Amino acid sequence: MIGALRNFVTDHPWAYALPAGLGSAAYVLNNAPETGVLDYNIILWAGLIGGVLTVDGRKMAHRVGLRTGLVASLPVVWNIATVGAVIPTFDQPLWFGVVQTVLLLAAVTIGVLLVALAGALSAALGNWLSQQLGSGPASSTVQT
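Residues numbered from 1 in each chain as written. Predicted model: local features only at pLDDT ≥ 70, side-chain atom pairs only at ≥ 80, totals over all residues. Heavy atoms only, no water.

Counting 13 residues, the largest nonpolar core has Val 9, Tyr 16, Tyr 40, Ile 43, Ala 46 and Val 64 as the members making the most contacts within it. Looking at this core, the elements with two or more residues in it are α2 (13–30), α3 (41–52) and α4 (58–72). Sequence-distant contacts of Ile 43, defined by excluding residues within four places in its chain, comprise Ser 24, Thr 68, Gly 69, Ala 72, Val 115, Ala 118, Gly 119 and Ser 122. (Core = buried A, V, L, I, M, F, W, Y, C linked by side-chain atoms within 4.5 Å. Buried < 20%, exposed > 50% of the residue type's maximum accessible area, 1.4 Å probe, protein only. Helix = DSSP H or I, 4+ residues; strand = E, 2+ residues; numbered from the N terminus. Contact = heavy atoms within 4.5 Å.)

Under the defined criterion, the tally for this structure stands at one aromatic pair. Ring centres of Trp 95 and Phe 96 lie 5.6 Å apart, and the angle between their planes is 80°; on these two criteria the pair is classed as edge-to-face. We classify Phe 96 as partly exposed; its relative accessible area is 36%. (Phe/Tyr/Trp six-rings, centres within 6.5 Å; stacked < 30°, edge-to-face > 60°.)

Here Gly 50 is to be found in helix α3. For Gly 50, a relative accessible area of 0% corresponds to the buried category. Along the backbone, Gly 50 and Tyr 16 are 34 residues apart, and their C-alpha atoms lie at a distance of 7.1 Å. Once residues within four sequence positions are removed from consideration, Gly 50 is found in contact with Tyr 16 and Val 64.

Following this line, the structure appears as structure tokens:
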């Protein structure tokens with residue numbers, strides 16, 4: 001049963017990334033102590049489990065973890081979108097609002113990439129742990 005699950009996750013990486021990422025995003029939003037403070041430790045666990053569930057090695061683990069991190073980064077986009085909606089209401093020159101919007105988009109991009117990178121790295125660690133514990137890809141040698 002575990003082998004079938006691992007093969008399914010390897011063949012369909014989005015099948016793991018969407019529910020794990022959305023669950024992580026919901027956890028992050030639900031446990032935010034205040035607006036703008038997000039704790040993304042859960043993505044490390046989601047990526048780790050995704051890495052354990054992959055079969056084809058580190059490359060596929062990176063893909064699963066990266067996709068999980070991309071989906072889990074939705075709270076970053078949500079919080080920044082609420083800030084971006086306020087920029088036009090400020091009494092300031094138009095060019096300064098454009099500069100603020102560009103900087104905000106850069107911050108969103110960096111935030112999303114950092115969360116995705118955390119997911120990919122933790123998935124690589126999960127895949128490595130899986131191989132060390134003997135549930136990774138078969139690498140036995142046959143002696144005759």
